[in-house]
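# Breakdown of the fold
The lines below spell out each chain.
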Amino acid sequence: MSSTQATQQITPELRKWIVAQAEAGHAAEAVLKSMIASGWNEDVAVDAMESTLREHLEHQAVQKGLPPGVPVPEPRLEESPLYLDAGDRQVCVLQVMVNPRVIVFGGLLSDAECEQLIDLAKPRMARSLTVATKTGGEEVNADRTSNGMFFQRGEHPLVRTLEERIALLLNWPMENGEGLQILHYRPGTEYKPHYDYFDPAEPGTPTILKRGGQRVGTLVMYLGEPDKGGGTVFPDVNLEVAPKRGNAVFFSYDRAHPSTKTLHGGSPVLAGDKWIATKWLRERRFE
Ligand code: PD2
Ligand code: ZN
């Protein structure tokens, strides 16, 4: 820390001033410039802006009756790297969106890993179940016409390798992840738009949350690409992610609420077969 940083304190008055500037519609860049012009150290100013506006947004959300936000998985993107170190692999950052928090990765898995995962899953595929929030059990869901299976965490060396890679990439403990789920979509099948967090209003949700808390993030990895259709869509922001083999889409949600804009679905597959692996991340250790 430089001597200026050590001596410049972020006072309550400064925080109030930052909020007032934002509410008056001044762009963050302009506010930062004027802070630096009046003698604030740039790092202190950036820090003050970020923390003040984050706290302000959180305060407003809770005042509006939203559940409080919780920490979520977040890759280390501060310096806008083209590649992220995921231990045994450098993963490309293809696209980044702030709200909703959506990140598209390239080359998370090799073609051989995708094929091996499909081969391991094939003998165990059954019509996909979703968690039944009414009861806390599992049920066949008409909105999800794919076939699927779950791997236990760490059940195979490849599964373990991927889990370690994902934990490093997303900066989130491996123990907080559910077991990998594999889904197979044939032509005509889809996964209608939904939220991945458990609906707090459903009676079965408290039981589900005892095991690891809420889901706070989803990583959908594309293992087998269809010829047409099958993109992952985010209807609130009109975003569609192409289901390219080896690539993945990550999104996080810090509260179980539509304000996260994480409504998403798997578009109908029009030709060919689509295979994905989904990793859901929980707040806490999932055992
Ligand atoms: O297959 C997809 O693209 C998709 C879409 C929505 C997967 C999931 N949700 C999921 O596994 O949660
Ligand atoms: Zn989903």
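For clarity, every value in this text was computed on a predicted model and none was experimentally measured.

### With respect to the overall build of the chain
Helix and strand counts for the chain stand at seven helices and 17 strands. Against the globule reference of 19 Å for 287 residues, the chain gives a C-alpha radius of gyration of 21 Å, in line with a compact fold. When the 287 residues of the chain are sorted by exposure, 46% land in the buried category. Contacts spanning at least 24 positions in sequence make up 74% of the contacts within the chain whose residues lie at least 6 apart. For the chain, the accessible surface area stands at approximately 14500 Å², while carbon and sulfur atoms represent 53% of it.

### Some words on the sheet that holds strand 9 (residues 191-194)
Strand order in this open sheet of four strands is 9-15-12-13, and the pairing throughout is antiparallel. Strands at the two margins of the open sheet, each flanked by one partner only, are strand 9 and strand 13 (239-241). For this sheet, the mean inter-axis angle between neighbouring strands, taken without regard to orientation, is 15°.

### Overview of the pattern of salt bridges
Per the counting criterion, the structure on display carries 15 salt bridges. A salt bridge links Asp-88 to Arg-165; its shortest N-O distance comes to 2.9 Å. Of the two residues, Asp-88 sits in the loop between strand 1 (83-85) and strand 2 (90-97) while Arg-165 sits in helix 6 (residues 157-170), which places them 77 residues apart along the sequence. On the accessibility criterion, Asp-88 (49% relative accessible area) is partly exposed. For Arg-165, a relative accessible area of 3% corresponds to the buried category. The closest approach of N and O atoms between Glu-178 and Arg-282, which form a salt bridge, is 2.7 Å. Of this pair, Glu-178 sits in the loop between helix 6 and strand 8 (181-185) while Arg-282 sits in strand 17 (residues 274-282), placing them 104 residues apart in sequence.

### Some details on the site of ligand 1
Every residue close to ligand 1 is listed here: Tyr-185, Tyr-191, His-194, Asp-196, Thr-232, His-264, Gly-265, Gly-266, Lys-274, Ile-276, Thr-278 and Trp-280. In this structure, an oxygen atom belonging to ligand 1 sits 2.6 Å away from a side-chain N or O atom of Tyr-185. At 3.2 Å, a side-chain N or O of His-194 approaches a nitrogen atom of ligand 1. In the complex, the protein chains occlude 100% of the 310 Å² of accessible area that ligand 1 would expose alone.

### Things to note about helix 2 (residues 12-23)
Taking 1.5 Å as the rise per residue, helix 2 with 12 residues should run 16 Å; its terminal C-alpha atoms sit 17 Å apart, in good agreement. Against the buried residues of helix 2 lie helix 3 (28-37) and helix 4 (42-63). Downstream of helix 2 by one or two residues, Gly-25 has phi in the positive range, about 90°.

### Details of the pairing of strand 3 (residues 101-106)
Consecutive side chains of a regular strand alternate in pointing toward one face of the sheet and then the other. Burial of strand 3 is extensive: six of the six residues sit out of reach of the surface. Two strands pair when backbone bridges link them, and strand 2 and strand 3 are joined in this way by five bridges, in the antiparallel orientation. Across the sheet, residue Gln-95 finds its bridge partner in strand 3, namely Val-104. Counting the residues in the hairpin turn of strand 2 and strand 3 gives three residues. Examined bridge by bridge, strand 3 and strand 14 (residues 248-252) share five bridges and lie antiparallel to one another. From the neighbouring strand, Ile-103 faces strand 14, where its bridge partner is Phe-250.

### Focus: the nonpolar core
Formed by 33 residues in total, the largest nonpolar core has its most connected members in Phe-105, Leu-117, Ile-182, Leu-219, Met-221 and Leu-223. The set of elements that each furnish at least two residues to this core consists of strand 2, strand 3, helix 5 (111-121), helix 6, strand 10 (215-224), strand 14 and strand 17. Among the elements that take part in this core, helix 6 stands out by supplying six residues, more than any other. Ignoring sequence-local partners within four residues, the contact set of Ile-182 consists of Leu-117, Ala-121, Met-125, Asn-147, Gly-148, Met-149, Phe-151, Leu-223, Trp-275, Ile-276 and Ala-277. Of all hydrophobic cores here, the second largest spans 18 residues; its members include Val-104, Leu-239, Val-241 and Tyr-253.

Cut-offs used in this document
Along every chain, residues carry numbers that run from 1 in the direction the sequence is written. Chains carry letters from A onward and ligands carry numbers from 1 onward, assigned in written order. For a predicted model such as this one, the threshold for reporting local features is a pLDDT of at least 70, and the threshold for listing and counting side-chain atom pairs is 80 or more; totals across whole chains, interfaces and linings nevertheless cover every residue. Values shown for side chains rest on all heavy atoms present in the structure; no hydrogens or waters enter the calculation. Secondary structure elements are defined from DSSP: runs of H or I of at least 4 residues count as helices, runs of E of at least 2 residues count as strands, and each element is numbered from the N terminus. We take the radius of gyration over the C-alpha atoms and set the globule estimate at 2.2 Å times the residue count to the 0.38 power. Partly exposed describes any residue whose relative accessible area lies between the buried limit of under 20% and the exposed limit of over 50%, with all areas from a 1.4 Å probe on protein chains only and scaled to the type maximum. In this analysis, two residues are considered to be in contact whenever any of their non-hydrogen atoms come within 4.5 Å of each other. Only the protein chains shown count as cover for residues, and all accessible areas are computed by the Shrake-Rupley method using a 1.4 Å probe. For two strands to be treated as a pair, DSSP must find at least two bridges joining them. Each axis is a line fitted through C-alpha atoms, taken for helices only over the stretch in contact, and angles between the N-to-C directions span 0 to 180 degrees. By definition here, a salt bridge exists when the distance from a side-chain nitrogen of Lys or Arg to a carboxyl oxygen of Asp or Glu is within 4 Å. Only a single heavy atom is needed: when it lies within 4 Å of a molecule or strand, its residue is near that molecule or strand. For this analysis, a polar contact is any N or O atom pair within 3.5 Å, provided that within protein one partner can donate a hydrogen and the other can accept it, and provided that sequence-adjacent residues contribute only side-chain to side-chain pairs. One less than the residue count of a helix, multiplied by 1.5 Å, gives the span that helix is expected to have. Grouping buried Ala, Val, Leu, Ile, Met, Phe, Trp, Tyr and Cys residues that are joined through side-chain atoms within 4.5 Å yields what is termed a nonpolar core.

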